[in-house]
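Chain and residue survey
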Amino acid sequence: MSHQHLESLDVDSIREEFPILERTFDVASETQRADGDAGDDGQQLVYLDNAATTQTPDPVIDAMSDYYRGYNANVHRGIHHLSQEASIAYEEAHDRVAEFIGADGREEIVFTKNTTEAENLVAYSWGLNELGPGDEVVLTEMEHHASLVTWQQIGKRTGADVKYVQITDEGRLDMDHAREIITDDTAMVSAVHVSNTLGTVNPVSELVDIAHDHGALTFIDGAQAVPNRSVDVEAIGADFYAFSGHKMAGPTGIGALYGKKGLLEAMDPYLYGGDMITKVTYEDATWNELPWKFEAGTPQIAEAVGLVAAIDWLEEIGMDRIAAHEEELARYAYEQLDAEPDVEIYGPEPGPDRAGLVGFNLENVHAHDLASIMNDHAVAIRAGDHCTQPLHDKLGVAASARASFYVYNTKEEVDKLVAAIDDARQLFR
Ligand code: 7TS
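Computed from a predicted model, the values in this text were never measured in an experiment. One numbering rule holds for all chains: residues counted from 1, following each sequence as written. Local features in this predicted model are restricted to residues of pLDDT 70 or higher, and side-chain atom pairs are both shown and tallied only at a pLDDT of 80 or more, whereas totals for entire chains, interfaces and linings draw on every residue. Excluding hydrogens and water, the side-chain figures rest on all heavy atoms present in the structure.

The number of helices and strands found in the protein is 16 helices and 17 strands. For 429 residues, the compact-globule estimate of 2.2 N^0.38 gives 22 Å, and the C-alpha radius of gyration of the protein, at 23 Å, lies within 12% of that figure. Once the C-alpha set of the protein is aligned to its principal axes, its extents read approximately 75 × 55 × 45 Å. Here the protein holds 429 residues, and the buried ones make up 57% of them. A helix here means a DSSP run of H or I that spans at least four residues, while a strand means a run of E at least two residues long, and both kinds are numbered starting from the N terminus. To get the radius of gyration, use the C-alpha atoms; to get the globule rule, take the number of residues to the power 0.38 and multiply by 2.2 Å. Residue exposure (1.4 Å probe, protein chains only): buried if accessible area is under 20% of the type maximum, exposed if over 50%, otherwise partly exposed.

Now for the sheet that holds strand E16 (residues 382-384). Pairing between strands requires that DSSP locate at least two bridges from one strand to the other. If you walk across this open sheet you meet the 4 strands as E13-E14-E17-E16, and the pairing is antiparallel. Bordering the open sheet on either side are strand E13 (343-346) and E16, each of which pairs with just one other strand. Across the sheet, the mean angle from the axis of one strand to that of its neighbour is 30°, orientation sign disregarded. Where strand E14 (residues 357-362) and strand E17 (residues 400-404) come together, 4 bridges link them in antiparallel fashion. Its bridge partner lying in E17, Gly359 is registered against Arg402. We call two residues contacting when some pair of their heavy atoms lies within 4.5 Å. Fitted lines through C-alpha atoms give the axes, limited to the stretch in contact for helices. The angle between two N-to-C directions lies from 0 to 180 degrees. The sheet contacts of helix H13 (residues 319-338) involve E13 and E14, and relative to E14 the element is tilted by about 15°. Sheet strands in contact with helix H16 (residues 411-428) are E13, E14 and E17, and its direction is about 10° off that of E14.

A few words on the domain arrangement of the protein. Once the domains are mapped, the protein shows domain 1 (3-44 + 318-428) and domain 2 (59-316). The gap between the C-alpha centroids of domain 1 and domain 2 is 29 Å. Domain 1 puts 32 residues into the contact, and the matching count from domain 2 is 32 residues. Two parts placed together each lose some accessible area; with a 1.4 Å probe, that loss summed over both constitutes the buried area. Both sides of the domain 1 and domain 2 interface together cover about 2,600 Å² of buried area, and 59% of this is carbon and sulfur. Broken down residue by residue, the surface that domain 1 buries against domain 2 is led by Met319, Leu391 and Tyr406, which jointly contribute 23%. Any Lys or Arg side-chain nitrogen located within 4 Å of an Asp or Glu carboxyl oxygen qualifies as a salt bridge. Our enumeration of links across domain 1 and domain 2 arrives at 2 salt bridges. As a salt-bridge pair, Glu141 and Lys394 come within 2.9 Å of each other at their nearest N and O atoms. Broken down by secondary-structure element, the contributors of at least two residues to the side of domain 1 that touches domain 2 are H13, E14 and helix H15 (389-395). Bear in mind that the domain bounds are from an automatic or database domain assignment.

Turning to the nonpolar core, a few remarks are in order. For soluble globular proteins, nonpolar side chains are generally found buried alongside one another. For this analysis, a nonpolar core means a set of buried residues of the types Ala, Val, Leu, Ile, Met, Phe, Trp, Tyr and Cys, connected via side-chain atoms within 4.5 Å. Membership of the largest hydrophobic core comes to 81 residues, with the highest contact counts inside it found for Ile109, Phe111, Tyr241, Met248 and Val407. In terms of residues, this core owes the most to one element, helix H12 (residues 301-317), which gives 12 residues. Both of domain 1 (3-44 + 318-428) and domain 2 (59-316) provide at least three residues apiece to this core. Once you skip the residues sitting within four places of it in the chain, Tyr241 turns out to touch His193, Ile220, Gly222, Ala225, Val226, Val231, Val233, Ile236, Ala256, Leu257 and Tyr258. Of all hydrophobic cores here, the second largest spans 31 residues; its members include Leu329, Ile345, Ala383 and Ile421.

Below, the discussion takes up the site of the ligand. Distances are taken per atom, and a residue is near a molecule or strand as soon as one of its heavy atoms is within 4 Å of it. Lining the immediate surroundings of the ligand are 17 residues, of which Thr116, Asp221, Ser244, Arg382 and Arg402 lie closest. In the environment of the ligand, a nitrogen atom lies 3.4 Å from a nitrogen or oxygen atom belonging to the side chain of His144. Between the ligand and the protein, one listed contact pairs an oxygen atom with a side-chain N or O atom of Ser244 at 2.7 Å. A 1.4 Å probe and the Shrake-Rupley method give the accessible areas. Residues count as covered only by the protein chains that appear here. For the ligand, whose free accessible area comes to 490 Å², the fraction covered by protein is 90%. Each residue gets one of three labels, nonpolar for Ala, Val, Leu, Ile, Met, Phe, Trp, Tyr, Cys and Pro, charged for Asp, Glu, Lys and Arg, and polar for the others, Gly among them. Per-class residue counts for the shell around the ligand are 5 nonpolar, 8 polar and 4 charged. Whenever two N or O atoms come within 3.5 Å, that pair is a polar contact, provided that in protein one can donate a hydrogen and the other can accept it, and provided that, for residues adjacent in sequence, both atoms are side-chain atoms.

Pasting the structure below:
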């Protein structure tokens, strides 16, 4: 591989694998409408909502379509050829995910519907059984509702208190505060690896070390990290780690929970039913080996095949190059937006601890109106609370706009975002 190739991505050829990015929309900007102008035909989509869901490249779609056309069958239970082929693909998908995130093997990888279900699995299976009055669960102020609401409710049911590591004015975790509130009473520390609202990349291994010093377990929410950087769960030291396929060029409907083998072995199942058992009588049942103990019923077979294709595709490009590309786009977007006097940006300044997304507000324009004007330019961004309502309360805003980037985005697309902001400003002033 040439040095030049290492430095930058061939975004043009990457984009060719995403026909959806060629879509165009007939749109009129608000100012054109105000002038009685019908607008422009065929504005090409600018997709900047990747933190919500990324687009899916052809090789992933093809892998899933090959599965349905060639070897669709239920897994684990069949003697016939198709079931054997499907079972091998499904089971080996666990090995591939384990390898991708540095886990020991398939026993440590449970397929779930998404990150949210992984959080709930641990909260129900471990939390409901292990927590009680006097115990504390430590979260961060930048948690996604997926962990925040889940641990809050488990806290209410078990009597455990929930505490939050504060964030600094720059949108980083206040690690002094973390050292203060993580104590011997702490049973679980659950933290987001990369914030979906602030873009902050948190020092998760440091957090894990603090938790372990006090005998607490750790859950790291990697929904915004695994898609765009190289993640090694063993280097981080986390007890549990989770992510979603649909945010990393993979299909919807599949996510993964990593858990240390000894912990998963000691935990009760989360869902009961077929496949997760070994022996069943009218009175009782015993549980299958890992990871199947946590995968009741017919699992996401096509999605597992698609997830493997997505991992292959990402690794072929190189996770480090994807991270560098995102950091470059985030820096460019940050600088463009920062130059606008009436734009407020949330989260840390560009650098290695800022991922490829920028949350912001335009003074006197509601984020939803801004997103709607962006849509008039065929620029897709997200507006709202991004499932971090308490964090928005803390920031003193009801909502924010968010542009989030992926491997196929370009600086020209960031320019279109900024042009749309100028249009919004003209309309509302
Ligand atoms: N954790 C983080 C940090 C997230 O960003 C999200 C989804 C989740 C958990 C939940 O993932 P899911 O696959 O279970 O839904 N975040 C967003 C977002 O920012 N916009 O839409 C979904």
